[in-house]
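# Summary of structural features
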Amino acid sequence: MATPPTLPNPRLKRRVAPRAILAIVVVAVLLIAMSGRALAVFYTDKLWFADLGFSKVFTTLIWARVAPAVIFSAVMFVLLLINLVIADRIAPQFRSAGAEDEVIERYAGYVSPYMGRVRVGVALLFGIIVGAGASSQWRQWILYQNRVTWGIKDAQFHKDIGFYVFELPMLKFVVEWLFVTFFVTLFVTTLFHYLNGGIRFQAGFQRVTPQVKAHLSVLLALMAFTKTAQYWYGRYDLVFSHRGRVDGATFTDIHAQLPALEFLALISVVGGILFVANIWRRGWTLPVIAAGLWAFIAIIVGTAYPAYMQRFQVQPSERSKEKPYIERNIEATRNAYGLNNVEVKAYDGTGQLDANTVKQNNIAETLLNVRLWDPLPLEGAVQGPQGVKGYYKFDTPSVDRYRVGSVDKQLVLVAVRGLDSAELPSDTWTNRHLAYTHGQAAVVVQGNVTQGVQNPSYLVKDIPPTADPDLSISQPDIYFSTHLPDFAIAGTKEREVEVDGSGNEIRDTYKGSTGIAMSSFLRKAAFATRFGDVNVLLSGRVTPQSKMLFTRDVVDRVKKVAPFLVTDSQAYPVILPNGTIQWVVDAYTVTDKYPYSQELRAGDVPNADLGSNINYARNSVKAVVDAYNGTVSLYVVDPKDPLIRAYRKAFPSLFKDVSQMPAGLAEHLRYPTDLFKAQTRMLEQYHITSKDADAFFGGTEQWRIAPQPSSDTSGTGSSTTVAGATGSDGGRTTQNRNDAPRVEPQYLMMQLPGDQGQEFVLATSFVPQSKNDTTPNRLSAFVAVRNDGFGTNGNFGKMTVYTPGAQAELNSEVFAANQIQRDPEISSKISLTGQLGSQIVRGDLQLLPIGNSILYAQPFFITGEAKGSLPGFSFIALSYENNAVFGTSVKDALDKLFPGGSTPNTPIGPSNPGNTKLTPQQRLDQAAKEIKAYQDATKAGKFEEAGKHLAALVDLLNGQGSSSPTTKPGSGTAPGGTTTTTSTPTTSTPTTKPSTSSPTTTTPTTGGA
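Bear in mind the structure is a predicted one, so any value in this text is a computation, not a measurement. One numbering rule holds for all chains: residues counted from 1, following each sequence as written. Totals for whole chains, interfaces and linings use all residues, but because this is a predicted model, local features are given only for residues with pLDDT of at least 70 and pairs of side-chain atoms are given and counted only at 80 or more. Only hydrogens and water are set aside; all other atoms, that is, all heavy atoms of the structure, feed into the side-chain values.

## A few points about the environment of Leu353
- Secondary-structure assignment places Leu353 in the loop between β1 (343-347) and α12 (355-358).
- For the exposure calls, accessible area comes from a 1.4 Å probe over protein chains only, and a residue counts as buried if that area is under 20% of its type's maximum, exposed if over 50%, partly exposed in between. What makes Leu353 buried here is its relative accessible area of 7%.
- Taking C-alpha positions, Leu353 is 8.5 Å from Tyr880, a pair spaced 527 residues apart along the chain.
- Here a residue-residue contact requires only that any non-hydrogen atoms of the pair lie within 4.5 Å. Those residues within four positions of Leu353 in sequence are excluded, and the remaining contacts are Ile850, Gly851, Ser853, Leu855, Tyr880 and Phe898. Think of it this way: any DSSP run of H or I at least four residues long counts as a helix, any run of E at least two long counts as a strand, and we number them from the N terminus.

## A short note on the pattern of salt bridges
- Between Lys or Arg on one side and Asp or Glu on the other, a salt bridge is scored when a side-chain nitrogen of the former is within 4 Å of a carboxyl oxygen of the latter. Applying the stated rule across the entire model yields 31 salt bridges.
- With a shortest N-O distance of 3.1 Å, Arg401 and Asp400 are connected by a salt bridge.
- Look at Asp400 and you get buried, because its relative accessible area is 1%.
- Arg601 serves as the salt-bridge partner of Glu599, at 3.5 Å between the closest nitrogen and oxygen.
- Overall, Arg601 belongs to the partly exposed group, its relative accessible area being 36%.

## Details of the pairing of strand β30 (residues 853-864)
- Burial of β30 is extensive: 12 of the 12 residues sit out of reach of the surface.
- Both faces of β30 are covered, namely the face carrying Ser853, Leu855, Ala857, Pro859, Phe861 and Thr863 and the face carrying Ile854, Tyr856, Gln858, Phe860, Ile862 and Gly864.
- Paired strands, in this sense, are two strands between which DSSP finds at least two bridges. Direction of pairing for strand β29 (residues 846-850) relative to β30: antiparallel, over a ladder of five bridges. Directly across from Leu848, in β30, lies its bridge partner Leu855.
- Once β29 ends, the chain turns through two residues before running back antiparallel as β30, passing Gly851 with a positive phi of about 55°.
- Bridge analysis of β30 against strand β31 (residues 872-880) gives seven bridges, and the strand direction is antiparallel.

## Focus: the sheet that holds strand β17 (residues 616-626)
- The strand order across the open sheet built from five strands is β15-β16-β17-β18-β19, with neighbouring strands paired in mixed fashion. Every other strand in the sheet has two partners, leaving β15 (566-575) and β19 (655-657) as the edge strands with one partner each. In this sheet, neighbouring strand axes are inclined to one another by 35° on average, regardless of whether the strands run parallel or antiparallel.
- As judged from the three bridges shared by strand β18 (residues 632-636) and β19, these two strands associate in the parallel manner. Its bridge partner lying in β19, Leu634 is registered against Phe655.
- To get an axis, a line is fitted to the C-alpha atoms, and for a helix only the part in contact is used. The angle between two axes follows their N-to-C directions and goes from 0 to 180 degrees. On the sheet, helix α18 (residues 554-561) packs against β15, β16 (581-591), β17 and β18 and is oriented at approximately 125° with respect to β15.

## Some details on helix α14 (residues 375-386)
- With 12 residues, α14 should reach 16 Å at 1.5 Å per residue; the first-to-last C-alpha distance of 15 Å fits that figure.
- Counted residue by residue, α14 has 12 buried out of 12 residues, so it is predominantly covered.
- When we look at burial in α14, the residues that qualify are Pro375, Leu376, Pro377, Leu378, Glu379, Gly380, Ala381, Val382, Gln383, Gly384, Pro385 and Gln386.
- Summarising the contacts, the buried residues of α14 are in contact with β2 (392-394), β3 (398-404), β4 (407-419), β6 (442-451), β7 (455-461) and β30.
- The positive-phi residue at the C-terminal boundary of α14 is Val388, with phi of around 65°. A helix is expected to reach a length of 1.5 Å times the quantity of its residues less one.

## Some words on the confidence of the model for the chain
- The predictor reports its confidence for every residue as pLDDT, a score running from 0 up to 100. For the chain, mean pLDDT is 84; residues scoring 70 or higher make up 85% of the total.
- Of the regions scoring below 50 in pLDDT, residues 724-738 engages in 85 contacts with residues more than four places distant in sequence or in other chains.
- Taken as a whole, residues 962-1009 scores under 50 in pLDDT and shows 156 contacts with residues more than four places along the chain or in a different chain.

## As for the packing of aromatic side chains
- What counts as a ring pair is set by centres within 6.5 Å for rings of Phe, Tyr and Trp (its six-membered ring), and what kind of pair is set by the plane angle: stacked under 30 degrees, edge-to-face over 60, tilted for all other angles. Within the structure shown, the criterion is met by 42 aromatic pairs.
- A centroid spacing of 6.3 Å and a plane angle of 75° characterise the contact between Phe861 and Phe873, whose relative ring orientation is edge-to-face. Within this pair, whereas Phe861 is found in strand β30, its partner Phe873 is found in strand β31, the two being separated by 12 residues in sequence.
- Residue classification places Phe873 among the buried residues on the basis of a relative accessible area of 0%.
- Put simply, the rings of Phe42, Trp48, Phe49, Phe58, Phe487, Phe527, Phe531 and Phe550 pair up and form one aromatic cluster.
- Seen from the ring of Tyr236, Arg235 lies directly overhead, with NZ or CZ sitting 5.1 Å from the centre. We call a charge positioned over a ring when the NZ of a Lys or the CZ of an Arg lies within 6 Å of the ring centre and within 35 degrees of the ring normal.

## Some points on the sheet that holds strand β14 (residues 547-550)
- The strand order across the open sheet built from three strands is β10-β14-β13, with neighbouring strands paired in antiparallel fashion. Each having just a single partner strand, β10 (487-490) and β13 (516-517) make up the two edges of the open sheet.

## Regarding helix α3 (residues 55-89)
- The end-to-end C-alpha separation of α3 is 49 Å, in line with the 51 Å expected for 35 residues at 1.5 Å each.
- The quantity called bend is, for any residue, the angle between two axes fitted respectively to the seven residues ending at it and the seven beginning at it. Largest kink in α3: about 25°, centred on Trp63.

## Side note on the pairing of β17
- In terms of residue burial, β17 counts as a mostly covered element, since 11 of its 11 residues are buried.
- Two elements, β16 and β17, share nine bridges in a ladder whose sense is antiparallel. Within the sheet, the bridge partner assigned to Val590 lies in β17 and is Ala617.
- When β17 meets β18, the two strands line up antiparallel, connected through five bridges. Residue Val621 lies in a different strand from β18, and its bridge partner there is Val636.
- In this antiparallel pair of consecutive strands, β17 and β18, the connection spans five residues, and Gly630 shows a positive phi of 80°.

## Comments concerning the nonpolar core
- In these notes, a set of buried Ala, Val, Leu, Ile, Met, Phe, Trp, Tyr and Cys residues joined through side-chain atoms within 4.5 Å is what counts as a nonpolar core. Formed by 248 residues in total, the largest nonpolar core has its most connected members in Phe564, Leu565, Leu634, Leu654 and Phe655.
- With 12 residues, helix α7 (residues 161-196) is the largest single contributor of residues to this core.
- Contacts of Phe655, omitting those with residues within four sequence positions, involve Phe564, Leu565, Val621, Leu634, Val636, Ile644, Tyr647 and Arg648.

## Quick notes on the environment of Ser659
- Position of Ser659 relative to the elements: it lies in the loop between β19 and α20 (673-686).
- Judged by its relative accessible area of 67%, Ser659 falls in the exposed class.

## Quick notes on the packing of α3 against helix α6 (residues 138-145)
- Contact geometry for α3 and α6: axes closest at 9 Å, N-to-C directions at 95°. Looking at the two axes, α3 sits roughly perpendicular to α6. Here α3 contributes Leu61, Ala64, Arg65, Ala67, Pro68 and Ile71 to the contact with α6, which in turn contributes Trp138, Trp141 and Ile142.
- For the contact of α3 with α6, the class distribution of residues is eight nonpolar, no polar and one charged. The labels follow the angle: roughly parallel below 35 degrees, roughly antiparallel above 145, roughly perpendicular from 65 to 115, and oblique for the rest. Each residue gets one label: Ala, Val, Leu, Ile, Met, Phe, Trp, Tyr, Cys and Pro are nonpolar, Asp, Glu, Lys and Arg are charged, and the others, such as Gly, are polar.

## Some remarks on the side chain of Arg742
- Looking at where Arg742 falls in the secondary structure, it is placed in strand β23 (residues 741-742).
- Note on Arg742: relative accessible area 0%, which makes it buried.
- Whenever a nitrogen or oxygen atom comes within 3.5 Å of another N or O atom, the pair is scored as a polar contact, on the condition that within protein one atom can donate a hydrogen and the other can accept it, and that pairs from neighbouring residues in sequence are kept only if both atoms are in side chains. Looking at Arg742, its side chain comes within polar contact range of the main-chain oxygen of Ile705, at 2.6 Å.

## Let's talk about the packing of α3 against α7
- α7 packs onto α3 with a crossing angle of 30° between their chain directions and a minimal axis gap of 9 Å. Between α3 and α7, the angle is such that the two are roughly parallel. As for the relative orientation of α3 and α7, their crossing is right-handed in sense.
- Tallied by class, residues from the contact of α3 with α7 come to 15 nonpolar, six polar and one charged. Here is the rule for handedness: rotate from the far helix to the near one, and if that takes an anticlockwise turn smaller than a right angle the crossing is left-handed, while a clockwise turn gives right-handed.

## Looking at unusual backbone geometry
- Residue Pro464 is bonded to the preceding Ile463 through a cis peptide linkage, with omega at -10°.
- You can see Pro464 is positioned in the loop between β7 and β8 (466-467).
- With phi around 65°, Val388 is a residue other than glycine that occupies positive phi space.
- Structurally, the position occupied by Val388 is in the loop between α14 and β2.
- In this model, Tyr596 sits at a positive phi of 70°, which is unusual for a non-glycine residue.

## Quick word on the environment of Glu327
- By the element assignment, Glu327 lies in helix α11 (residues 318-336).
- Overall, the relative accessible area of 29% leaves Glu327 in the partly exposed class.
- Separated by 367 residues in the primary sequence, Glu327 and Asp694 place their C-alpha atoms 9.3 Å from one another.

Given below as structure tokens:
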């Protein structure tokens, strides 16, 4: 007799219900505890965006992540729930007895009363698991919803580029997600059919009921039709193929892979139809035939045939077959990286420089603007006399130009005096976060002038800042900078530390417009949780009026406001006419979905941050961060860029027009280094146009960015340290494609060939392509991009490539550097310096197109080995053709290179008039004494006295020392070499005594401008 089924006990339900509620409460508490920091971050980020006036931006960013996850989770939930309900509806009423049924019966006994909730729970679980991942598509979700027309069509499918950038990635994701969704649904539904008895593996007769076969056939058909869509959209992916010589659909892709995908799409439709037909046939023959045929064709047509065509048809005649596709690649790449507007000019290069030539006014002006200071050596040189306190540290100076007096564009280097929390007098929580909260002011140094023989010549210096009238700073406090601590709380009972003109610490309070008021226990608790710092909550120094300042690094600040933009690796400060300091951060729109464009992969452009893999880039936004208030403004400088047009539609309150820029900012905008490095990397090959595809294929016309010159002095046994300053980032060298280091681009002031007047440019050079750089001595071309004339009708961003004429044999940086290092006088000077316990630091090698020829200039710096030694300018070397000379100034070196060729508008001033010259041995003895005196003064913290001894040492090393060496504080070497006495704004004597703990740079190898 069959045992009647056991009915559920109502009392048991009542007893279980409170337990279930308790379990739910416990789980909820655990989830809240585990997600406490995430909730704190969400809440404090909301406050942060609101504080900056970007609440709508925050809402849009959150919704862009939440909406896809909710929508896709809901679709998965509904789809799976429907199939589970169907699985229950078509479950057999009677089950055959079998060994596997006992476990299933027990399962049914426990689950049957709650089957509806089980189905919902399972569907909800898988809905969250499968759908939540869609939140990672938030960028593409934004672009898809705000897509615009690009205005250019691809060469193969004649689709607008916007289809590939804005639509195709989202469509592919949806199709791929649907395939996974149907697969998961098939798996879970099959499991439920087994539990319901519709599938029995150990049954002696029918193992799968007809109804179950029909149900599973429908799901298999849906998977097949989804695969059809994958094949169809996969056709468009061919324009990003990496199969051929260049990126994009090449011969094999078009003539083999494309037909294969179309055929596989047809086969998948046939397979789907066979699965549908199986609903009525209800056997396994049709599904097996469909799957087997599909797999066989996919292997033969989709893989073997394209490989055969590439090997036996394309490779034997690759040039002719690939030429049309190489032309497509060249055209697309030049458009995608903005190279199609690059102007190419011939530079004869056959001119001969002499004394009369270099006296011409236009040439003299260029020579007057040779940069004598590089960022990293200057960082160390200003730290000692201008650091004031050990906890103040300068950012690596940036190269810029300002109007100073009658000089419209004075080449300068600007460094902000930031806060170094590692050097605080006492490392307490109060000091780190409440008292020492900010840096102060900045220094501005003339880039082409030395002061007191070897020291920087200041236009802005000291605390409070004394400055040239054109560079006055009305708000010197730096609360937002680079490398600042994670957070600071301003306006507490512990007032913030500053320094007065005498070097004494004083107290003040932040009065900026930003900062989140710590006005409630909830806010304090949230920030304490976010930073893992209970002192934020417990400190009695924090009041309701106190303001939390966090994300104070200016680059991170921009990334947080606009995470869909890629930011440049460096920010640079600008002193506006209103006396405020603003940080400029270049922001890029990038994608890897530009058809036929060549991809830049991670590592192809080292020391640049444009994303891992890209094939399109634009500097569409200049972000500006106020150094005191921390306000962020994003100005669209390339409104034609389709990507920024789409983002602007999504975030209308975030972006501003260029016309809204504060007065005086546009004059200091720079062409960004990261983009320039990416463009010059592509110019190595893509200076060749699509008309010369044969030359491109042969590779004989390829260039390489010039190698970084070696630091060895060619057999002297001595060496120089590379200062690395190469203009933009302090001389960080580039490991281009994992080979020899490459020079970095430089910001220089010069007159470009064929133009009038001095311009602020970003420049670099090329040498011929060769294996292992076997031909690095010849110059293939040099390129300059203009930084002046920002605006609709200006020249800002115009790039020109200068190629030497056929008869010109112009030397490269490598050749010039070797000439300088091999010069006997320079080698002896470097060796003597090393023997005296100091070190020569080699600066940027500057390429100067002058008089239809090329002249190279390279500053050298000196630094002692003792701790606290300050770098100083030592000499400038010039290289022309096969000659190299050095001097204490450009004028001095020019007189040696071209006797009588110093600039006519700067009188010659003697370095040590009336003194008796020393013999070599006397000079060596006197130099040793100066070194000892310099080291003693440095150790004692007497930096002004140390500077005098170092200046005397420089004179001795330059062969100008006398039997009674004297140093004239306040005297300076002008660009042409004149010794002058300068007024207060440019004197190098500090008004406050520097701290002996101020850090210095002795052998810099990295940095930024």
